[in-house]
Each structure stands twice: as structure tokens, then as C-alpha cells.
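Structural characterization, general
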Amino acid sequence: MIGLISATAAGAAARDRLAAAWPDRTRVYDGGAGEAVRAAFAECEQLVCFLATGAAVRLLAPLLGDKTADPGVVCVDEGGRFAVSLLGGHGGGANELAREVGGLLGAEPVVTTATDAVGLPGLDTLGLPYEGAVAAVSRALLDGEPVALAAEVPWPLPALPFSPEGAYTVRLTDRAVAPGEREVLLRPPSLVVGVGASRGAPADEVLALVEEALREAGLSPRSVAELATVEAKSEEPGVVAAAERLGVPLVTYPAAELAYVAVPNPSGAPLAAVGTPSVAEAAALARGGELLVPKRKSVRADGRPAMATCAVARRPGRGRLAVVGLGPGARDLLTPRATAELRRASVLVGLDQYVDQIRDLLRPGTRVLESGLGAEEERARTAVEEARRGHAVALIGSGDAGVYAMASPALAEASDDIDVVGVPGVTAALAAGAILGAPLGHDHVSISLSDLHTPWEVIERRVRAAAEADIVVTFYNPRSRGRDWQLPKALAILAGHRDPATPVGVVRNASRPDESSRLTTLGGLDPATVDMMTVVTVGNTATRSIAGRMVTPRGYRWQEEPK
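Residues numbered from 1 in each chain as written. Predicted model: local features only at pLDDT ≥ 70, side-chain atom pairs only at ≥ 80, totals over all residues. Heavy atoms only, no water.

1. Structural notes on empty space enclosed by the protein
- Considering all chains together, one arrives at 1 cavity of 30 Å³ or more under this definition.
- Here the largest cavity defines a volume of roughly 30 Å³.
- If you trace the largest cavity, you find it lined by Arg-320, Ala-322, Glu-341, Arg-344, Ala-345, Ala-392, Val-393 and Ala-394.
- When residues of the lining of the largest cavity are traced back to their parent elements, those giving at least two are strand S16 (320-325), helix H12 (336-344) and strand S19 (392-397).
- It is S19 that provides the largest number of residues to the lining of the largest cavity, a total of 3 residues.
- Split into classes, the residues belonging to the lining of the largest cavity amount to 5 nonpolar, no polar and 3 charged. (1 Å grid on protein atoms, 1.4 Å probe; cavity = no way out; pocket = protein on both sides within 12 Å on 5 of 7 lines; lining within 4 Å. Points joined across faces, edges and corners; volume = space filled by probe spheres on them. Helix = DSSP H or I, 4+ residues; strand = E, 2+ residues; numbered from the N terminus. Nonpolar A, V, L, I, M, F, W, Y, C, P; charged D, E, K, R; others polar.)

Rendered as C-alpha cells:
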């Protein structure tokens, strides 16, 4: 919950805007500022104070305790010009909150955390449990000193400027080791604990067994991602309570699914009880991985039979491939989600000219793999291979990456061993349409005239179908030096079904500084004025030129002549 505190009418107006926008996230604190701050500090995870920073500091100072537990605080000035991350930038989420508040109120977010200021992700913001010398290692990264990454477990991290060797180390490990003096340990959620239990097994017995198994194997409880078991035990109180006390989810699988998992120690007892020859080992390995601790049984102090079993597996980190559409070229048409994925990636793969467009958005340490035109399939393979190595990869394409771009070849290469995220972008057809007016107001189709990958016979059949169906057509890749006859041929096919006066829009370099556009007709278009940087949109029989804009009505009856 976010506590909202204001002291003046202007602050209250801005406060109420936040409260209206985030009704389920916020709570307004009325009364004196001092009393309101004290109450919100005790009751909320975050605060937004519409107060001067000096006043907020004086009110907050006596309340400060542990930086890992204190709420994040953002201050907004009287004029609503700035949203200042004042307290708990990382741990309390105030940096991100300042950006959110700024976006909603039109204020400039002010973030002074050192790592954020230079574009580095904080080691305490990676979403992984951490231990060790966070401040010292972060300072080394900021100062450009060599910091080595020791990745004992592959895991998709965002870009950081690591060196092959260094006096400082970031160690990615699930082992129960203590950090060195100049070391930060990051704990990936790589361990899966499979558990089996008899009816009525005590939570203490289950938990003690799990903790002992981890301790004897030298594994960290902070890297346990989940407890896993058979569906029949999904509501077993001891198992449910053990998961709650470990702070991890309880994941269950049907017995029939577990029965197909190959395990070293099958048994007839669970087969008879729940329908699978293994519960603990099979549940730990249900989604693949390496068995680190084979099935073991609990030991009861009273000598009675064990009521719990467990096994531990290490599940490899899944690489992440984000296929990102950059839009038509203008920076303000690059979506916030695309920007976030570019900054999240540790490896960027793309066409060299597209990489140049967004190079300034990449975090320090991002590894860039760029290549020229004609290497699309190679880039797709490279991106998938890097993701399979456990990296966070961004594969970029212009417009929308799924439209005549990189998503298709990448997904043809990818299997279910990596996570894939698609990030939509503004296509060239949409950008050109917005410049021309509203040519895509009714049914429309995009057709590439490049026969480098598609036989011309197929392209011609598609153009003819669009012509016969009276559909607005946007031509991509209309004409190049080596392909100068395809556009005239396509226009001739359309001309067999549409009037020569049919509006045609021609847009070159849509949304870029050298953008140009013109409205002509099907009979008046000179194909020689078109190149590969151009999008050509041909209207249907209802499309009209109105006040210099190309408009296709949503309903044909709009075009009826007035009586």
C-alpha cells in the first residue's frame, strides 16, 4: 500500500489525482503532516509526500530503522515539477515509484542512487536474494574497477560491466558458502525440493528433513524455488505448512505425470498409495534438471517409521529471449516496454543500422552482436543460442518484430527450453497510415513485393486476391535497384479492378527526420519515385482524398451521395 500525505491545497489536488488513478494501491492520510507521516510509515510499504524535501526529512529522520525494512519514500514539490526518490530507492522501490508518479503527474523523476544515475542495475534490485559486500562491489563497478562474475549456475542477468578477473567478485551460486570480504553472493532460485509425506505427517518433520538435506549437501535454502509433490498431497497440512515456513510455493503434479519421470530409486509403496513409483525424486525432476540429493527419509526421535521423504534437484536457469520491435524509427514511437527489455538484456542481437538507433539505451556491459543485411537467419540462430546458454537476450527488428522481421526466423529456431517474450512495435504500415490520414480504416492487407524469399508467382496470386476482394493494400519492399519491375506489375493487377483515380499514399522514412509523404492516384504513381525505404498504400473503391488526407471509411454507406 502507498500512503499519500499532503499539507496544502495544491498538494491535496495532486494527491487526489494519484488516489483516483491508483484506488487499489493508495491510502490517503488526512490531518497534520507529522501525524500522517508517522502513521503511513508504520502501515505502508511506500509513501508519497507532497511536502518540501527538508520538511519530509525532518519528519522521517526519527522513524528510520533498517534500510532493508523501511518504506520507500517519494517527495513531490508544491508545483508538481519533480518527484524525488528520497528514501529506499532500491529496497523500498522509491526509484521506480518516482518514475511512476512522474509519469502520472507530469513531474520529472529525480533519482540520485549512484547505480541508477549511470544506468547500472543495482545488485540489490536484480530480484535475487543477496549477501555480502553490496556497497563495496557496487562502488567498484561505478569506479570502473574490475569486478569478476563467477557464475556457478547459469542465470539470465541484466547487463553489468563484468571483467574476466578482478579484486571484487559477484558470485552466482546456490551453494551454502559465506561471501568473501570483497564479494557479493547472488542466490538464483535453482533448487527444487521434492517431498513425499504420509497422511498426517507433522510440518516440523517435513521441514527438518528438508533443512537437513540441504545442509548436508551444502546447498543454500535461499535458492529453493519451490516445494514439489504429487497432487494427492496438495492439501496435506504438514507439506503445506512446510512450504509456507520456507517461503516458497507448493507445486503439485498428477501422479500419472510423475510416473513417467525416470528416477534412480522407484518404490512400490508410493505406487500403491498414490499411483506413481516415485513422489519426492519425480516431483523434484518433473521439469528437468540434475538430481543433487537422492530420496531420503526423515528420522523420528521416537524410533517410529518415517512419515516424510525428500529429494533435491538443480533446475538449470532458463535463458530469456525478448523479440523486440523498435517501431518505425522515431524515438517517441519506441514503446516503454521495448525500452525496458533493451535495458534488461545482457546480450543484444540485431542488424547494425538498428543497433545504432538504440545503442544509447543499452546498459554498460551489454554485449552487442550485430551484422549486416542478409544475415537474418544467422542473427536468429545466434539469439536463440545465446538464450540457451542462460543469457537474457534481446533480438531487435524494425517496426513490429513479428511483421516481415525477426520473430519468425527466431521462433522457428527456438524450442521450449528457453523463455520467449514478444514486444510489439509500431509497424511501417501504421506509421505511414497515420501520416496519410486514415487509409486503413476498413479491411486491409500488407504484402511484401520482395521475391528474395517468396516466389513471384505466390506474391502475384496474393496481390490478385486482394484486388478482387477490394481490400486496401500496403506494399512493403516495393522497389530496389535490382527489383524494379515488381511494383509496376502489382499496380497493374490492382488497376484491373480499381479506378485510376483511386488514392495512393507514398511515405518514405516514416517518422524519421527525413520523412516525406505525398498523396497521388493509382493512375498517377510513378514507380521510379519509390525505393526500399518507402511504403506504398493503395486504397480500395471506397477510399477518398478528403482535405488532402487519404480516408477509407469504416462503412461503405458513409460514401453514399446525399440525396
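2. What about the layout of surface pockets?
- Estimated volume of the largest pocket: approximately 1,500 Å³.
- Going through the elements one at a time, helix H13 (352-358), helix H14 (376-388), S19, helix H15 (407-413), strand S22 (444-448), helix H17 (456-468) and strand S26 (534-538) are the ones with two or more residues in the lining of the largest pocket.
- Here the lining of the largest pocket is built from residues that sort into 20 nonpolar, 17 polar and 7 charged.
- Approximately 950 Å³ is the volume found for the second largest pocket.
- Elements that contribute at least two residues to the lining of the second largest pocket include exactly helix H4 (94-105), strand S6 (108-110), helix H5 (114-117) and H12.
- Its residues assigned to classes, the lining of the second largest pocket shows 15 nonpolar, 8 polar and 8 charged.

3. Considerations on the nonpolar core
- In this structure, Val-193, Val-195, Leu-214, Leu-227, Cys-310 and Val-312 are the most contacted members of the largest nonpolar core, which totals 22 residues.
- Contact partners of Val-193, with chain neighbours within four places excluded, come to Val-210, Leu-214, Val-224, Glu-226, Leu-227, Ala-228, Cys-310, Ala-311 and Val-312.
- Core analysis: the second largest hydrophobic core is formed by 21 residues, Ile-459, Ala-490, Leu-491 and Val-536 among them. (Core = buried A, V, L, I, M, F, W, Y, C linked by side-chain atoms within 4.5 Å. Buried < 20%, exposed > 50% of the residue type's maximum accessible area, 1.4 Å probe, protein only. Contact = heavy atoms within 4.5 Å.)

4. With respect to H4
- With 12 residues, H4 should reach 16 Å at 1.5 Å per residue; the first-to-last C-alpha distance of 16 Å fits that figure.
- Buried within H4 are the following residues: Ala-94, Asn-95, Leu-97, Ala-98, Val-101, Gly-102 and Leu-105. With its buried residues spanning 160° around the axis, H4 presents them on a single face. (Expected span 1.5 Å × (residues − 1). Arc of directions from axis to C-beta.)

5. Notes on the packing of aromatic side chains
- Per the counting criterion, the structure on display carries 2 aromatic pairs.
- With a centroid separation of 4.7 Å and 50° between ring planes, the pair formed by Tyr-404 and Tyr-476 is classed as tilted. On the criterion of sequence distance, the pair formed by Tyr-404 in the loop between S19 and H15 and Tyr-476 in strand S23 (residues 472-476) is long-range, its members being 72 residues apart.
- Geometrically, the ring pair formed by Trp-456 and Trp-485 is edge-to-face, given 5.0 Å between the ring centres and 70° between the ring planes. With Trp-456 in helix H17 and Trp-485 in the loop between S23 and helix H18 (486-495), the pair connects residues that are 29 residues apart, well separated along the chain.
- A relative accessible area of 10% means that Trp-456 is categorised as buried.
- Residue Trp-485 is classed as partly exposed on the basis of its relative accessible area, which comes to 43%.
- For Arg-25, the ring lying beneath its charged end belongs to Trp-22, and the centroid distance is 4.4 Å. (Phe/Tyr/Trp six-rings, centres within 6.5 Å; stacked < 30°, edge-to-face > 60°. Lys NZ or Arg CZ within 6 Å of the ring centre and 35° of its normal.)

6. Some thoughts on the side chain of Arg-187
- Considering the arrangement of structural elements, one finds Arg-187 in the loop between strand S10 (183-186) and strand S11 (191-197).
- Residue classification places Arg-187 among the buried positions, given a relative accessible area of 2%.
- Reaching out from Arg-187, the side chain makes a polar contact with the backbone oxygen of Arg-175 at a distance of 2.3 Å.
- In terms of polar contacts, Arg-187 uses its side chain to reach the backbone carbonyl oxygen of Val-177, at 3.1 Å. (Polar contact = N/O pair within 3.5 Å; in protein donor to acceptor, adjacent residues only side chain to side chain.)

7. Quick word on the pairing of strand S24 (residues 503-508)
- Counting buried residues along S24, 5 of its 6 residues qualify, which places the element largely inside the surrounding structure.
- Both S24 and S26 contribute to a ladder of 5 bridges, which runs antiparallel. Considered in S26, the bridge of Val-506 is made with Val-536. (Pairing = 2+ DSSP bridges.)

8. Some details on H18
- Among all positions of H18, only Gln-486, Leu-487, Ala-490, Leu-491, Ile-493 and Leu-494 are buried. Mapping the buried residues of H18 onto a view down its axis gives an arc of 155°, with all of them on the same face.
- In this structure, the buried side of H18 is in contact with H17, S23 and S26.

9. Remarks on the sheet that holds strand S15 (residues 308-314)
- Taken in spatial order, the 5 strands of this open sheet run S13-S12-S11-S15-S14, and their pairing is mixed. In this open sheet, the two strands that pair with only one neighbour each are strand S13 (250-253) and strand S14 (290-297). Mean inter-strand twist for the sheet, computed between neighbouring axes without regard to direction, equals 25°.
- Two strands pair when backbone bridges link them, and strand S12 (residues 224-230) and S13 are joined in this way by 4 bridges, in the parallel orientation. The residue bridging Val-230 from the neighbouring strand is Tyr-253, located in S13.
- Strand contacts of helix H7 (residues 203-217): S11, S12, S14 and S15, with the helix running at about 40° to S15, the strand carrying the most contacts. (Axes fitted to C-alpha atoms, helices over the stretch in contact; angles between N-to-C directions.)

Everything listed is a geometric property; what it means functionally is a separate question.
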